[in-house]
Amino acid sequence: MRVKLLLIVALYSACGLCGTSNFQVTSVSNAAFIITEKDYGTNIGLIKTREGVVVIDPMPGKKNLDKLYQVIQQRSKAPVRYVLNTHQHGDHTGGNAYFVEQGSKVVATVSDLPEFTEFELKSHTSKDKVFYHSKSNSVFVGDIYDTSWHPTFYAGGLSGFNQAIEKILNIGNEDSLIIPGHGKPTSKVELRQFRNHTITWVEEIKALKEKGMSVEEIMNNDRVKALLRNFNIANKQDFIPKNAFKRFIERTFTVIDSGN
Ligand SMILES: [Zn+2]
């Protein structure tokens, strides 16, 4: 099983073969797929269940949605019956209306879907959902975890973040595939590293803030720059733009001030 997990993670990054126009498709099992749309980078779940086909987090954009529809049809002749969303941000819900027009039902819970278990958490937004598909052993965690960006735990603060990660680590088993809202799917090992990097980040920013350093001074601090690089797991040349780096520090300040 471990070999399989590694294979899925490797396939995601070396997916020249499975690219369909603006989409990259990774097979988790013969019934579960991750479709990554390139404009938003959203990881969309496609799962064929006994109760019908389920799509998780369809991104917006009519043109891309038409293509997404084709990509789905290549893997399932049955229509999409249910749409689930990990949270209410547009890059995860923008395609809902499109699927409703095709006859799908947007559901707030998985009560009609026995293959799924859901967990409600507060980290990235005040109402984050995590969906566990037991048959494929995959956990769709939305933007509580992003492997292509710095952490964004602004709604729940560090305590909400820690609770959310702890919860996710207790879902499934050590071989569960962790599917972030954006970026490559990973394992629990990497999720634990991400948690540690986030805790270290907040502690460091807090210490520098208490020393009276400004946001600009913190941006130029070598240790802070190194800590930011911990989140660049894909080793991108330009990880995040300068204004995003600045905003990340400012928002970390806000989290620290709120005492969460
Ligand atoms: Zn997102």
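Residues numbered from 1 in each chain as written. Predicted model: local features only at pLDDT ≥ 70, side-chain atom pairs only at ≥ 80, totals over all residues. Heavy atoms only, no water.

The name given to the chain in an unreviewed UniProt entry is beta-lactamase, with Pseudoalteromonas byunsanensis as the source organism. Heading Subcellular location (unreviewed entry) of the UniProt record for the chain holds this comment: "Periplasm". Regarding the chain, the relevant UniProt record gives this comment under Sequence similarities (unreviewed entry): "Belongs to the metallo-beta-lactamase superfamily. Class-B beta-lactamase family." (UniProt positions renumbered as here; feature names shortened; annotations may be inferred.)

Draft legend 1. Highlighting the pairing of strand β2 (residues 23-27). β2 sits mainly inside the fold: four of its five residues count as buried. Relative to strand β3 (residues 32-37), β2 runs antiparallel, the two sharing five bridges. Within the sheet, the bridge partner assigned to Ser27 lies in β3 and is Phe33. Counting the residues in the hairpin turn of β2 and β3 gives four residues. (Buried < 20%, exposed > 50% of the residue type's maximum accessible area, 1.4 Å probe, protein only. Helix = DSSP H or I, 4+ residues; strand = E, 2+ residues; numbered from the N terminus. Pairing = 2+ DSSP bridges.)

Draft legend 2. Broad picture of helix α8 (residues 222-229). For α8, every residue scored as buried is listed here: Val224, Leu227 and Leu228. Looking straight down α8, one finds its buried side chains confined to an arc of 100°; they lie on one side. Exposed and oriented more than 90 degrees from the buried face of α8 are Asp222 and Arg229. Its buried side turned inward, α8 meets α6 (188-210), α7 (215-219) and α9 (242-258). Here α8 starts with a cap whose side-chain oxygen sits 2.9 Å from the backbone nitrogen of Arg223, and that cap is Asn221. (Arc of directions from axis to C-beta. Contact = heavy atoms within 4.5 Å. Polar contact = N/O pair within 3.5 Å; in protein donor to acceptor, adjacent residues only side chain to side chain.)

Draft legend 3. Representation of the packing of aromatic side chains within the structure. Within the structure shown, the criterion is met by 10 aromatic pairs. On the numbers, 5.6 Å between centres and 75° between planes, the contact of Tyr98 with Phe99 is edge-to-face. No difference in accessibility class separates Tyr98 from Phe99, as the two residues are buried. For the ring pair Tyr145 and Phe194, a centre distance of 4.7 Å and an interplane angle of 50° mean the geometry is tilted. One end of the pair, Tyr145, is in the loop between β10 (138-142) and α5 (157-169); the other, Phe194, is in helix α6, and 49 residues separate them in sequence. (Phe/Tyr/Trp six-rings, centres within 6.5 Å; stacked < 30°, edge-to-face > 60°.)

Draft legend 4. Local environment of the pairing of strand β4 (residues 43-49). Burial analysis of β4 places six of its seven residues in the buried class, the great majority of the element. Strand direction decides the pairing type here: β4 and strand β5 (residues 52-56), joined by five bridges, are antiparallel. Within β5, the position partnered with Thr49 by the bridge is Gly52. A loop of two residues connects β4 with β5, the two strands running antiparallel in sequence.

Draft legend 5. Main features of the coordination of the zinc ion. Coordination of the zinc ion by the protein involves Asp91 (OD), His92 (NE2), Asp143 (OD) and His182 (NE2), with metal-donor separations of 2.0 to 2.2 Å. If you look at the zinc ion, its four donor atoms make angles of 87 to 155° with each other, and the shape they trace is irregular. For the zinc ion, the single-chain donor residues occur in sequence as D-H-x50-D-x38-H. Linking Asp91 in helix α3 (residues 90-93) with His182 in the loop between β11 (177-180) and α6, this pair joins segments that are 91 residues apart in sequence. Judged by its relative accessible area of 18%, Asp91 is buried. (Donors = N, O, S within 2.8 Å, 3.2 Å for Na, K, Ca; no water. Tetrahedral: all angles 85-135°; square planar, octahedral: opposite > 155°, others 65-115°.)

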